[in-house]
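# Examining the three-dimensional arrangement
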Amino acid sequence: MISLFRRSPLRDAAERAYQRVVAQAREPGFFHDCGVPDTIDGRFELICLHAFLYLHRLKRERPRAAGLGQRFFDAMFADFDRSLRELGTGDLSVGREVKRMAQAFYGRIQAYERGLDSGDSVLKPALERNLFGTAPAGSARVEDMAIYLRREAARLGAQGAAELLAGAVAFGPPPAPAAHRAAAES
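Everything in this summary refers to the structure shown in the same document. (Residues numbered from 1 in each chain as written. Predicted model: local features only at pLDDT ≥ 70, side-chain atom pairs only at ≥ 80, totals over all residues. Heavy atoms only, no water.)

### Let's talk about the side chain of Gln24
Take Gln24: it is sitting in helix H1 (residues 9-25). We classify Gln24 as buried; its relative accessible area is 2%. Looking at Gln24, its side chain comes within polar contact range of the main-chain oxygen of Gly172, at 2.7 Å. Look past the residues within four positions of Gln24 in its chain and what remains in contact with it is Phe30, His50, Tyr148, Phe171, Gly172, Pro173 and Pro174. (Helix = DSSP H or I, 4+ residues; strand = E, 2+ residues; numbered from the N terminus. Buried < 20%, exposed > 50% of the residue type's maximum accessible area, 1.4 Å probe, protein only. Polar contact = N/O pair within 3.5 Å; in protein donor to acceptor, adjacent residues only side chain to side chain. Contact = heavy atoms within 4.5 Å.)

As structure tokens, then:
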């Protein structure tokens, strides 16, 4: 007998990974220490950044990670849809907003890929434009986030494929602000 309520291991892994991405994106240090605006846009940008990191790493596990990547994407955008509805976005506007968010996410993926491949002259402007929006970031904060992005890409690169394919994403802490790093180094 086939159960209609059986859980899919692939869906479970995608949901676990997405929950981990969201938990990391909500770390207070990104807002308090790094200066990412604690707004709907700032939170969206941090989810996109961490989703990028996870999906960027999954690319090394193709073709077996293709289904997981799609399930992760589906879980993320189902959550965005639900969040928009909770915020009071009308049913007729939700689809248009989700489409806009998907286009923005694809743009972030391209910008961060280019930044990782090309260096800070490409990465830093992408981070400043996306993460900080209209908020004044300051070069130290942008530098901190560029270091963080590279560090986390390397950390995930070293994480085992079996863990990642099970949705067990392990991120490090948000970057410490430059003033805290200088005091710690003294």
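That covers the picture; the talk isn't over yet.
### A look at the packing of helix H5 (residues 91-118) against helix H7 (residues 139-158)
Interaxial distance between H5 and H7 falls to 11 Å at its minimum, and their mutual angle equals 85 degrees. On the basis of their axis angle, the class for H5 and H7 is roughly perpendicular. Residues Tyr112, Gly115 and Leu116 of H5 touch H7, and the partners they reach there are Leu149, Arg150 and Ala153. Within the contact of H5 with H7, the residues separate by chemical class into four nonpolar, one polar and one charged. (Axes fitted to C-alpha atoms, helices over the stretch in contact; angles between N-to-C directions. Parallel < 35°, antiparallel > 145°, perpendicular 65-115°, else oblique. Nonpolar A, V, L, I, M, F, W, Y, C, P; charged D, E, K, R; others polar.)

### So, the nonpolar core
Soluble globular proteins tend to bury their nonpolar side chains together. One finds Tyr54, Phe72 and Met76 to be the most contacted residues of the largest nonpolar core, which totals 56 residues. Put simply, the parts of the chain that give this core at least two residues each are H1, helix H2 (28-32), helix H3 (40-58), helix H4 (66-86), H5, helix H6 (120-131) and H7. Look past the residues within four positions of Tyr54 in its chain and what remains in contact with it is Ala17, Val21, Leu68, Phe72, Leu156, Leu164, Gly167 and Val169. (Core = buried A, V, L, I, M, F, W, Y, C linked by side-chain atoms within 4.5 Å.)

### What about unusual backbone geometry?
In this model, Arg62 is joined to Pro63 through a cis peptide bond whose omega is 5 degrees. Looking at where Pro63 falls in the secondary structure, it is placed in the loop between H3 and H4.

### Details of the packing of aromatic side chains
The full count for this structure, using the stated rule, is eleven aromatic pairs. A ring pair is formed by Phe73 and Tyr106, whose centres lie 5.7 Å apart and whose planes are at 20 degrees; its orientation type is stacked. Linking Phe73 in helix H4 with Tyr106 in helix H5, this pair joins segments that are 33 residues apart in sequence. Here Tyr106 falls in the partly exposed class, since its relative accessible area comes to 44%. Here Phe105 and Tyr106 contribute two aromatic rings whose centre-to-centre distance is 6.3 Å and whose plane-to-plane angle is 40 degrees, an arrangement assigned as tilted. Relative accessible area serves as the criterion here: at 1%, Phe105 is assigned to the buried category. (Phe/Tyr/Trp six-rings, centres within 6.5 Å; stacked < 30°, edge-to-face > 60°.)

### Let's talk about the layout of surface pockets
Of the volumes computed, that of the largest pocket is approximately 500 Å³. When residues of the lining of the largest pocket are traced back to their parent elements, those giving at least two are H1, H3, H4 and H5. A per-class count over the lining of the largest pocket returns eleven nonpolar, one polar and ten charged. The volume enclosed by the second largest pocket comes to roughly 350 Å³. Together, 15 residues line the second largest pocket, and Leu55, Lys59, Gly69, Gln70 and Ile109 are the ones closest to its centre. When residues of the lining of the second largest pocket are traced back to their parent elements, those giving at least two are H3, H4 and H5. Counted by class, the lining of the second largest pocket contains nine nonpolar, three polar and three charged residues. (1 Å grid on protein atoms, 1.4 Å probe; cavity = no way out; pocket = protein on both sides within 12 Å on 5 of 7 lines; lining within 4 Å. Points joined across faces, edges and corners; volume = space filled by probe spheres on them.)

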